[in-house]
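# Observations on chain architecture
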Amino acid sequence: RKHPLDIPPPSEKDWLKNDEEDFFLQDPDRKRDALPQPFRMVNKLVMMVFENAMEIIERREMLREAQKLKVQPTKFFPTAEFQVTGRANCLAVSGKYIFVGLSVGLAAFKVSDCKEVCAWDAVKTEICAIHASDLGNECHVLLAVDEMGLVWLFFFHKESFLLIQILNETEDISKRNTCVEVVLSPGGDYAGVLLQGNAKAWLEIYRLPKDSWLKEMEKNAEAAEACREKRAPHSSQTDIFLLQESPVPANKADAKLSLPVLLLQVKPPKPVTGSSFKSPLDALKKVDDGSMLGLGYNHLIKDSQWEQQEAIFRSTYREYLEAEGERESKEEIPRRATFHFLLPSRILQVGPEMKVQPDVPAGISVHWDGSHNLCFYLLNRPLKEKVDSDPKPDIVWPCAAPIACSAVSSCSRYLALAYEDAAITIWDKHLGYPLSMTAILEERLIRSIHFL
């Protein structure tokens, strides 16, 4: 042959090119099974729904297999439960006991078996917050806040509650001050109570005589044992039986302990106003030794200068102030404070005459809402008959923006400050210098900060 063998082209020129018509070319057996319209459209829709469903199933199976490969968190289920009288509002763990604040008082449970060991319901008051600290020798100190804002100080010893004092109790109910926040220092050496009155707020710091409490409880136990031994030979069997059947309740014991000592009474800083000094010499007389920064009260800026500066500012940024819709308002004294107990460090310089223990707080840090200043107050100060109602801070840290919130690490070495301009600073208190400075988006507002 003159030409090579080739596959001849198809001769069927009139075949339809539509997929719906030439499907039998792929499967000749389906030629007679073709459905007429509109059943073919229905069949196509059904197949589409089925394929989509299979894709969703395959995708979910893949996600389920990927989830199995991840590390699953351990699920913990309750191992025991304990019944309480009334409603449980709060709880605190100290040593081997769980203290629960109830709608009718207090209750103590053992951690090992969750059994109730003691209850205090003498006043039938509702406890809303509770703080506890282990003092050793099976002794614990508790601070409880009730629904009326009263702060109850308890001493827990040998599975019994002993009420020491109500810190903010007053005879006149109209002059009663409400507790906003209460903090118990680690180890139970100090207690801080933030109080609010009708138009003012202040912070009270108490020194708790825990060493005296331990000694007094030992003396009371020895006296009770001696009285019991002295009374036993003169008692009949009937008296002994009655004493065993009706013991004195824990919350009605006659033992009394030493009262806590009010150490500090810190008030919020007053607004900075115009100077009343007539000359620079008068202002210098008010300055101490010049070794630290103050709160900014001893200045020479007059009220007229403040007003002139305010007028210049408003005229310069009038369009921005109108866009923000700023309203003129008088500066109010803050009524909320955040405070922390701090262990000894380079920031808190204590004199050589003061004995400092490494595990006992040496000072507190306080900042009030809207304030630029972080104030430090030393706790190792001599006791006075009359507490200074407005002591000067021992150290002042002025900040570029108002402090929004703060936090102290569990080891008490690091101090975190968050500002209203969304900046965060981490300080090393032992070394006395900042470790890092982080800025978040300007539109963010930091409400709280915590160490993990």
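Under an unreviewed UniProt entry, the name given to the chain is WDR93 protein, and the organism recorded is Alca torda.

Let us now look at the overall build of the chain. Per the secondary structure count, the chain includes six helices and 20 strands. A buried classification covers 32% of the 452 residues belonging to the chain. Looking at the chain alone, contacts between residues at least 24 apart form 51% of all its contacts between residues at least 6 apart. Surface accessibility of the chain: about 31,700 Å² in total, with carbon and sulfur atoms responsible for 54%.

Before going further, it helps to spend a moment on the sheet that holds strand β20 (residues 433–439). With respect to topology, four strands assemble into an open sheet ordered β17-β18-β19-β20, the strand pairing being antiparallel. Both outer strands of the open sheet, β17 (403–408) and β20, are each paired with one neighbouring strand and no more. Pairs of neighbouring strands in the sheet enclose a mean axial angle of 15°, with direction left out of account. In this sheet, strand β19 (residues 423–428) lies alongside strand β18 (residues 414–419) in antiparallel orientation, the contact comprising five bridges. Bridge pairing in β19 places Y414 opposite D428.

Across all of its chains, the model carries 15 aromatic pairs by this definition. With 4.8 Å between their ring centres and 70° between their planes, W120 and F154 make a pair best called edge-to-face. Of this pair, W120 sits in strand β4 (residues 116–120) while F154 sits in strand β7 (residues 151–157); the two residues are 34 residues apart in sequence, bridging distant segments of the chain. This pair shows no difference in class: W120 is buried, exactly as F154 is. Ring centres 4.9 Å apart and planes at 70° place the aromatic pair F376 and W397 in the edge-to-face group. Placement of F376 in strand β15 (residues 373–378) and of W397 in strand β16 (residues 395–398) is noted, with a sequence separation of 21 residues between them. Taking the relative accessible area as the measure of exposure, F376 reaches 0% and is therefore buried.

Before going further, it helps to spend a moment on a nonpolar patch on the surface. Residues M41, L45 and M48 make up a contiguous nonpolar surface patch of about 280 Å² in total accessible area. For M48, the position within the fold is in helix α1 (residues 39–69).

Attention now moves to unusual backbone geometry. One non-glycine residue, N137, lies in the positive phi region at around 55°. Relative to the helices and strands, N137 resides in the loop between β5 (127–136) and β6 (139–146). A positive phi angle, close to 65°, is found at A422, a residue other than glycine. Looking at the secondary structure, you find A422 in the loop between β18 and β19.

Analysis parameters
- Residue positions are counted from 1 within each chain, in the order its sequence is given.
- Two thresholds apply to this predicted model, a pLDDT of at least 70 for residue-level local features and 80 or more for giving and counting side-chain atom pairs, whereas whole-chain, interface and lining totals are computed over all residues.
- Computation of side-chain values: all heavy atoms of the structure, hydrogens and water removed.
- Helix numbers and strand numbers start at the N terminus; a helix is a DSSP run of H or I with at least 4 residues, a strand a run of E with at least 2.
- Accessible area is worked out with a 1.4 Å probe on protein chains only. A residue is then buried under 20% of its type maximum, exposed over 50%, and partly exposed in between.
- Note on contacts: a residue pair qualifies if any of its non-hydrogen atoms lie within 4.5 Å across the two residues.
- Per-residue accessibility takes into account occlusion by the displayed protein chains alone, with areas from the Shrake-Rupley method and a 1.4 Å probe.
- Between any two strands, pairing holds if DSSP finds at least two bridges.
- Geometry is summarised by axes, namely lines fitted to C-alpha atoms with helices restricted to the contacting stretch, and by angles between N-to-C directions that run from 0 to 180 degrees.
- Only centres within 6.5 Å qualify two rings of Phe, Tyr or Trp (six-membered ring in Trp) as a pair; their planes then separate them into stacked at under 30 degrees, edge-to-face at over 60, and tilted for everything else.
- Residues forming no salt bridge and having over 30% relative accessible area are the ones grouped into patches, like charges within 9 Å of each other and nonpolar side chains (Val, Leu, Ile, Met, Phe, Trp, Tyr) within 5 Å.
- Only one rule defines a salt bridge in this text: a Lys or Arg side-chain nitrogen within 4 Å of an Asp or Glu carboxyl oxygen.

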